[in-house]
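Report on the structure
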Amino acid sequence: MKKDHIVKNAHFVQSVVGSHNVIGDEKPQIAFVGRSNVGKSSLINMLTGQKSLVRSSSTPGKTQMINYFLVNEEIYFVDLPGYGYAKLGMKYREKLRKLILWFFVSGEVVITKTVLIVDAKIGLQEFDREMIGVLEQYNHPFIVVANKCDKLNQKSLHHALVNIQSELPEDVIIVPASASKSRGRQEILDEIMSE
Ligand SMILES: Nc1nc2c(ncn2[C@@H]2O[C@H](COP(=O)(O)OP(=O)(O)OP(=O)(O)O)[C@@H](O)[C@H]2O)c(=O)[nH]1
Ligand SMILES: [Mg+2]
């Protein structure tokens, strides 16, 4: 029987700018990655059951650093910068894209599992496809979370999920979720916290 994974406690550890000082201790790391504004920070708050563990905001582009949270004193949730916030300017956006890719390809960080978050209504975009390519190439196990599914009715959500799934490798699961409505919480925790 599959056991329900629970979050007993979670706290902020540190923010890291650029690739220096990323945490490389022996604890497993779960990476949360996705385009700006898809709800990465909100999802971490929802999963940890702490409303304001991570700053999420109506202003996208909020997360420009790598933020580490320690869950149950044993596993890191890593909130990566959001990709593609237009107001940041081309050069800076490109810098963040390189930093995100570095995180997955450098081999300096041991990532146990990656959560690629997409907006259910928008579906996969160019950056998501690039991420999927990199995750596959480097053999990083990942799941896709289709967030903000509260914005779609059941029929549209079904279509959206089928569309996204059709572009994913067969063994990759997709979890419909809503950070605002706490939907998908247990399923995601079970996927990312099982060893
Ligand atoms: N309707 C709805 N809105 C959501 C959901 N999750 C997040 N939001 C909203 O989307 C906006 C962006 O959320 P964030 O959590 O800051 O997104 P992010 O991916 O961390 O953004 P960056 O830090 O810019 O990369 C906020 O206004 C959230 O309230 C959801 O499940 N449903
Ligand atoms: Mg954020």
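Here goes a summary of the coordinates provided. Only a predicted model underlies this, so the values are computations on that prediction, with no experimental measurement involved. Once a new chain begins, its residue numbering starts again from 1 and follows that chain's sequence as written. Here chains are named by letter from A upward and ligands by number from 1 upward, in the order in which they appear as written. Totals for whole chains, interfaces and linings use every residue, but because this is a predicted model, local features are given only for residues with pLDDT of at least 70 and side-chain atom pairs only at 80 or more, for both listing and counting. Excluding hydrogens and water, the side-chain figures rest on all heavy atoms present in the structure.

1. A short note on the environment of Val144
The topology assignment puts Val144 in strand β6 (residues 142–147). With relative accessibility at 0%, the residue Val144 sits in the buried group. Residues within four places of Val144 in sequence aside, it is in contact with Leu116, Val118, Ile164, Leu168, Val172, Ile173, Ile174 and Val175. Note on conventions: DSSP H or I runs of at least 4 residues are helices, E runs of at least 2 residues are strands, and numbering of each starts at the N terminus. Here's how the labels work: a residue is buried when its accessible area is under 20% of the maximum for its type, exposed when over 50%, partly exposed in between, all with a 1.4 Å probe on protein chains only. Every residue pair with non-hydrogen atoms within 4.5 Å of one another is taken to be in contact.

2. Quick notes on the packing of aromatic side chains
Any two rings among Phe, Tyr and Trp, with Trp reduced to its six-membered ring, count as a pair given centres within 6.5 Å; such a pair is stacked if its planes are under 30 degrees apart, edge-to-face if over 60, and tilted if neither. Going through the model one piece at a time under the given rule, you end up with five aromatic pairs. Plain terms: the ring middles of Tyr68 and Tyr76 are 5.9 Å apart, the flat faces sit at 80° to each other, and that makes the pair edge-to-face. Tyr68 sits in the buried class, given a relative accessible area of 0%. In this structure Tyr76 comes out as buried when scored by relative accessible area, which is 5%. A centroid spacing of 5.6 Å and a plane angle of 75° characterise the contact between Phe103 and Phe104, whose relative ring orientation is edge-to-face. Exposure class is identical for Phe103 and Phe104. Each is buried.

3. Quick notes on the nonpolar core
Among the buried residues, those of types Ala, Val, Leu, Ile, Met, Phe, Trp, Tyr and Cys that are joined through side-chain atoms within 4.5 Å form a nonpolar core. Residues Ile66, Tyr68, Phe103, Phe104, Met131 and Val144 are the most contacted members of the largest nonpolar core, which totals 40 residues. Elements with a contribution of two residues or more to this core: β2 (29–34), β3 (66–71), β4 (75–79), α2 (90–105), β5 (111–119), α3 (126–137), β6 and α4 (154–166). Here the element with the most residues in this core is α2; it accounts for six residues. Those residues within four positions of Phe103 in sequence are excluded, and the remaining contacts are Gln29, Ala31, Ile66, Tyr68, Val78, Leu80, Val109 and Ile111.

4. Focus: the pattern of salt bridges
For this document, the term salt bridge refers to a Lys or Arg side-chain nitrogen within 4 Å of an Asp or Glu carboxyl oxygen. Counting across every chain of the model gives six salt bridges. Residue Glu94 pairs with Lys98 through a salt bridge whose shortest N-O separation is 3.8 Å. Remark: Lys98 and Glu94 occur in helix α2; sequence separation between them is four residues, near one turn of the helix. Note on Glu94: relative accessible area 29%, which makes it partly exposed. The exposure class of Lys98 is exposed, given its relative accessible area of 54%.

5. What to know about the environment of Ile66
Summarising the element assignment, Ile66 is placed in strand β3. On the basis of relative accessible area, Ile66 is assigned to the buried category, the value being 0%. Each C-alpha atom of the pair Ile66 and Lys155 lies 36 Å from the other, and the pair is 89 residues apart in sequence. Beyond its immediate chain neighbours, meaning those up to four positions away, Ile66 contacts Gln14, Ser15, Val16, Gly18, Val22, Val78, Asp79, Leu80, Pro81, Leu99 and Phe103.

6. Topic: the sheet that holds β3
At least two bridges found by DSSP between two strands is the condition for calling them paired. Spatially, seven strands are ordered β1-β3-β4-β2-β5-β6-β7 in an open sheet, and the strand pairing comes out mixed. The open sheet is flanked by β1 (10–16) and β7 (174–176), the only strands paired with a single partner. For this sheet the average axis-to-axis angle between neighbouring strands, irrespective of direction, equals 25°. Bridging between β3 and β4 involves five bridges; their strand directions are antiparallel. Note that in β4 the partner of Phe69 across the bridge is Phe77. To get an axis, a line is fitted to the C-alpha atoms, and for a helix only the part in contact is used. The angle between two axes follows their N-to-C directions and goes from 0 to 180 degrees. This element, α4, spans β5, β6 and β7 of the sheet and lies at about 160° to β7.

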